[in-house]
Amino acid sequence: MGQLRGLSAACLALRWALPDVVDHYENPRNVGSLDKSAKNVGTGLVGAPACGDVMKLQVEVDKNGKIIDARFKTFGCGSAIASSSLATEWIKGKTVDEALKIRNTDIAKELCLPPVKLHCSMLAEDAIKAALADYKLKQDPKKEEPEKKAAKA
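What you see is a predicted model, and the numbers here were worked out from it, not measured in a lab.

**Quick look at the packing of helix α3 (residues 78–91) against helix α6 (residues 118–139)**
Contact geometry of α3 with α6 gives a least axis separation of 8 Å together with a crossing angle of 40°. Compared by their axis directions, α3 and α6 come out oblique. The handedness of the crossing between α3 and α6 comes out as right-handed. Together, Ser 79, Ala 80, Ser 83, Ala 87 and Ile 91 of α3 and Cys 120, Ser 121, Ala 124 and Ile 128 of α6 make up the contact between the two elements. Here the contact of α3 with α6 is built from residues that sort into six nonpolar, three polar and no charged.

**What to know about the pairing of strand β2 (residues 53–61)**
Across eight bridges, strand β1 (residues 41–48) lies against β2 in antiparallel orientation. Looking at β2, one finds that Gly 44 is bridged to Leu 57. Counting the residues between successive antiparallel strands, the hairpin from β1 to β2 contains four residues, one of them, Gly 52, with a positive phi of roughly 90°. Bridge count between β2 and strand β3 (residues 67–75): eight bridges; the pairing is antiparallel. Looking at β3, one finds that Gln 58 is bridged to Arg 71. The antiparallel pairing of β2 with β3 creates a hairpin that spans five residues between the two strands, and Gly 65 there sits at a positive phi of about 85°.

**Concerning the nonpolar core**
One finds Leu 57, Val 59 and Ile 91 to be the most contacted residues of the largest nonpolar core, which totals 29 residues. Of all the secondary structure elements, the ones that give two or more residues to this core are β1, β2, β3, α3, α4 (96–99), α5 (104–111) and α6. Here this core gets eight residues from one element, more than from any other, and that element is α6. Leave out the neighbours within four places in its chain, and Leu 57 touches Gly 42, Thr 43, Gly 44, Arg 71, Phe 72, Ala 87, Thr 88, Ile 91, Ala 127, Ile 128 and Ala 131.

**With respect to the state of the cysteines**
Within the structure shown, the criterion is met by zero disulfides. Cys 77 forms no disulfide, and the closest cysteine sulfur to it belongs to Cys 120, at a distance of 3.6 Å.

**Some points on α6**
Over its 22 residues, α6 extends 32 Å from the first C-alpha to the last, a length consistent with the 32 Å expected when each residue adds 1.5 Å. Within α6 the residues assigned to the buried category are Cys 120, Ser 121, Leu 123, Ala 124, Glu 125, Ala 127, Ile 128, Ala 131, Leu 132 and Tyr 135. Buried residues along α6 sit against β1, β2, β3, α3, α4 and α5.

**Some words on the pattern of salt bridges**
Enumeration according to the criterion identifies four salt bridges in this entry. Close ionic contact of Asp 69 with Arg 71 constitutes a salt bridge, the shortest N to O distance being 3.4 Å. A residue is classified by how much of its surface remains accessible, and Asp 69, at 14% relative accessible area, is buried. Exposure remark for Arg 71: the relative accessible area of 26% places this residue in the partly exposed category. In this structure, a network of salt bridges that share partners links the residues Arg 103, Glu 125 and Lys 129.

**Some remarks on the environment of Cys 77**
By the secondary structure assignment, Cys 77 is in the loop between β3 and α3. Distance in space between the C-alpha atoms of Cys 77 and Asp 53 is 7.1 Å, their sequence separation being 24 residues. Dropping the residues within four chain positions of it, Cys 77 is found in contact with Asp 53, Lys 117 and Cys 120.

**Some words on the environment of Cys 112**
With respect to the secondary-structure elements, Cys 112 resides in the loop between α5 and α6. For Cys 112, a relative accessible area of 44% gives the class partly exposed. Measuring from C-alpha to C-alpha, the distance between Cys 112 and Ser 79 comes to 9.9 Å, with 33 residues separating the pair along the chain.

Reading guide: rules and limits
Residues numbered from 1 in each chain as written. Predicted model: local features only at pLDDT ≥ 70, side-chain atom pairs only at ≥ 80, totals over all residues. Heavy atoms only, no water. Axes fitted to C-alpha atoms, helices over the stretch in contact; angles between N-to-C directions. Helix = DSSP H or I, 4+ residues; strand = E, 2+ residues; numbered from the N terminus. Parallel < 35°, antiparallel > 145°, perpendicular 65-115°, else oblique. Left-handed = near helix turned anticlockwise from the far one by under 90°. Contact = heavy atoms within 4.5 Å. Nonpolar A, V, L, I, M, F, W, Y, C, P; charged D, E, K, R; others polar. Pairing = 2+ DSSP bridges. Core = buried A, V, L, I, M, F, W, Y, C linked by side-chain atoms within 4.5 Å. Buried < 20%, exposed > 50% of the residue type's maximum accessible area, 1.4 Å probe, protein only. Disulfide = S-S within 2.5 Å. Expected span 1.5 Å × (residues − 1). Salt bridge = Lys/Arg side-chain N within 4 Å of Asp/Glu carboxyl O.

What follows is the structure, encoded as structure tokens:
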């Protein structure tokens, strides 16, 4: 127990209370990038100006609409990295429509995020939606999002 003397009780409690966050932070899954110019790769880039977290999440989708790979790069706290890592794990193997059903509340619950860190799971949900929106746009570039059409008018 002597080796633990330098760590605060709060730090130790947090490490045992949030093992999934620590695991995904210390051993993040699917870190990296995919070829953003590929037609079957969607890229989502989202950020939270209040805390400075930025997430890039990419998905690779096969011809049947199934997500066969997912990668992320996140600049942020451990909870943001853990949320990105978990999100990529969850979306791989799902269809585009199934992945769109993943909610930030599911991510937060799985990682046991405290209320002050819920924005990290919200970023992960937004990154999934943004990556899949980019993928869908690449499949049919003539179908622009209504907001983009309105902005051009």
